[in-house]
Amino acid sequence: MNQERLMKVLVGPIVSEKSTMIGEKHNQYSFVVVPDAKKSEVKAAVELLFKVQVSSVQILNLKGKQKRFGRFMGKRNDVRKAYVSLAKDQEIKFEQEVM
């Protein structure tokens, strides 16, 4: 796996009540990943970007909902998520700037 590919695997973190609860309870973090990402690529990308040790990765595909946009039917995009479990005493800090 080359580093250029690993830098593009993670699209972004998922910051919600559910992901925060999972992070506190099970030491897991959730990310949106590219649609063709594999578990090994996600593990390598998290270890490279955040300098932590990953113990396991679970990946799921979330199908887009059928929605109505005015008088037209449409579909939201499909999303691929990765739940990353870290080894004991490992932590990822997501810094947030307040303006």
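Keep in mind that what you see is a predicted model, and the values were worked out from it rather than measured.

### Observations regarding the pattern of salt bridges
- According to the stated counting rule, one finds 5 salt bridges in the structure shown.
- Residue R5 pairs with E41 through a salt bridge whose shortest N-O separation is 3.0 Å. Of this pair, R5 sits in helix 1 (residues 3–9) while E41 sits in helix 3 (residues 39–50), placing them 36 residues apart in sequence.
- Residue R5 is classed as partly exposed on the basis of its relative accessible area, which comes to 25%.
- By relative accessible area, E41 is classed as buried at 9%.
- With a closest N to O distance of 3.6 Å, K93 and E91 form a salt bridge.
- The network of salt bridges with common partners includes R5, D36 and E41.

Here is what the cut-offs are and how they apply
Residues numbered from 1 in each chain as written. Predicted model: local features only at pLDDT ≥ 70, side-chain atom pairs only at ≥ 80, totals over all residues. Heavy atoms only, no water. Salt bridge = Lys/Arg side-chain N within 4 Å of Asp/Glu carboxyl O. Helix = DSSP H or I, 4+ residues; strand = E, 2+ residues; numbered from the N terminus. Buried < 20%, exposed > 50% of the residue type's maximum accessible area, 1.4 Å probe, protein only.

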